[in-house]
Amino acid sequence: MPIAILGPTASGKSAVAVAVARRLGGAVVNGDPYQAMAGLAIGTGQPDAAEQGGVPHVGYGELPLSTRPNPAAFGAWVRGHLSACREPVLVTGSGLYLRGIWNQLSVMPEVPAALVDRVRRWGAALGVPALHRYLAAVDPARAAALHPNDAARVQRALALHLASGRAPSKLLSGPETGLPEGWRVLVVSPGRERRRERVAARVAAQIEAGWPEEVRGLVAVGHGADLAALRPLGYAAWMAGGEAAAVQAAVVQETQAYAKRQATWFRNQLPETPTWDPDTEPLEKAFARLALS
C-alpha cells in the first residue's frame, strides 16, 4: 500500500518521508517535477546524502534540464518509479502534479492549430462578445464563468467545443478527485508563522550551501534558456542579479507566498486527509495517523 507525504515547501515533509520509509524498509519516491531535474540540487532542495539517511531515494536529479514536464507525462514517469519500489513513500508539495501522479487529470481532446486560428479570426471579425453569445448557446455554464470580453478564454472554449463536440465545462470539470483507493496520506502542516520562519531558514541554508553559485554555473554552461522556460522557484531572482540581501529577501517572499498557496491547496482539496504539525507533535503521532504504530 503506497504512502504519500504531502505539504508545503520547507514543511519538513522530506524528513518525515525518510522516517516512514526507514520504518517500512522502503524507498522515498520524488513527486516534485523540479526536484526531478539534474543541476537544480540546491535551489530545489533535493535531499543530500545526509538528509537521505541511508534510505533509497528515486526520482531526484534524473531528468535533463531540457525536459519540459507536464502533469500527465510526469505523473506516468513517477508511477513507473512507484511500481518499481518496495514500500514506496511518495513525497511532493505540488497539487497539480500530484493529480497527474494519481491519474486524476482530465483527458483533453487535441485542438488543431488551424481550428484555433479560425476561431481567432472570427473573434477579430465579429468581436469577442459575439463569440461569447455563441458559447452561451452551446455551454451556458462555461459562458457564465467567463467575462464577455475575455478573448483568450472565450476563444479557447469555443475551439474546444468545436474540436470535441462537447461542452467545455464538462471537459474542464475533470474526473473524480480525492484520495485514490489504497493510498495512505499525511499532510505535514506547520502553523502559519512557523511556516514563514521555516521558509526563511531554508532559503538562508540554501544560500550558504551555494545556491547563487549553482545558478551562475548553470547559466555559464548555457542553461539560462532552460531556467527561463522551467521557472523553478527563486532561480529567476538570482539570474536577474542585484544586491545579495535584496535578492534573498525577494526569494524568501516569493517562496513564502508559494508555500501559502500550497497549504491552501491541500487544506481545500484534501480536507479529510490527516495532518501533522512537526513543530508541536512527536513523530510517533505522524506514524499513528498513517496507521504505522
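Heads up: these notes are all about the structure in this document. Everything numeric in this text was worked out from a predicted model, so none of it was measured.

**Side note on the overall build of the protein chain**
Check the secondary structure of the protein chain and you find 15 helices and six strands. Look at the contacts in the protein chain between residues 6 or more apart in sequence, and 74% of them connect residues 24 or more apart. Accessible area of the protein chain: about 14,500 Å², with a carbon and sulfur share of 54%. Looking at charge distribution, the protein chain has the averaged site of its 30 positive side-chain charges lying 7 Å from that of its 24 negative ones.

**Let's talk about the packing of helix α6 (residues 128-138) against helix α8 (residues 151-164)**
Interaxial distance between α6 and α8 falls to 10 Å at its minimum, and their mutual angle equals 45°. With respect to α8, the element α6 is oriented oblique. Our pair here, α6 against α8, has a crossing hand that is left-handed. Every residue of α8 that contacts α6 at Val128, Leu131, His132, Tyr134, Leu135 and Val138 is listed here: Ala151, Val154, Gln155, Ala157, Leu158, His161 and Leu162. For the contact of α6 with α8, the per-class residue count stands at ten nonpolar, three polar and no charged.

**Let's talk about the packing of aromatic side chains**
One pass over the full model with this rule turns up six aromatic pairs. With 5.5 Å between their ring centres and 35° between their planes, phenylalanine 74 and tryptophan 77 make a pair best called tilted. Remark: tryptophan 77 and phenylalanine 74 occur in helix α3 (residues 71-84); sequence separation between them is three residues, near one turn of the helix. Phenylalanine 74 gets classed as buried once you look at its relative accessible area, which sits at 3%. Ring-pair connections join several aromatic residues into one group, and the members of that group are Phe74, Trp77 and Tyr97.

**Comments concerning the pattern of salt bridges**
This model, assessed by the stated rule, comprises ten salt bridges. Close ionic contact of glutamate 284 with arginine 23 constitutes a salt bridge, the shortest N to O distance being 3.3 Å. Separated by 261 residues along the polypeptide, glutamate 284 in helix α15 (residues 283-289) and arginine 23 in helix α1 (residues 13-24) bring together distant segments of the chain. Where arginine 194 meets glutamate 197, a salt bridge forms, and the shortest distance between an N and an O atom there is 2.8 Å.

**Concerning unusual backbone geometry**
Although it is not a glycine, alanine 10 adopts a positive phi angle of roughly 70°. On the secondary structure map, alanine 10 appears in the loop between β1 (3-6) and α1. Even without a glycine there, the phi angle at alanine 291 is positive, about 60°. On the secondary structure map, alanine 291 appears in the segment after α15. According to the relative accessible area criterion, alanine 291 is exposed, its value standing at 56%.

Parameters and conventions
- Residues numbered from 1 in each chain as written.
- Predicted model: local features only at pLDDT ≥ 70, side-chain atom pairs only at ≥ 80, totals over all residues.
- Heavy atoms only, no water.
- Helix = DSSP H or I, 4+ residues; strand = E, 2+ residues; numbered from the N terminus.
- Contact = heavy atoms within 4.5 Å.
- Areas by Shrake-Rupley, 256 points an atom, 1.4 Å probe, with all protein chains shown as cover.
- Lys, Arg positive; Asp, Glu negative; His and termini not counted.
- Charge placed at Lys NZ, Arg CZ, Asp CG, Glu CD.
- Axes fitted to C-alpha atoms, helices over the stretch in contact; angles between N-to-C directions.
- Parallel < 35°, antiparallel > 145°, perpendicular 65-115°, else oblique.
- Left-handed = near helix turned anticlockwise from the far one by under 90°.
- Nonpolar A, V, L, I, M, F, W, Y, C, P; charged D, E, K, R; others polar.
- Phe/Tyr/Trp six-rings, centres within 6.5 Å; stacked < 30°, edge-to-face > 60°.
- Buried < 20%, exposed > 50% of the residue type's maximum accessible area, 1.4 Å probe, protein only.
- Salt bridge = Lys/Arg side-chain N within 4 Å of Asp/Glu carboxyl O.

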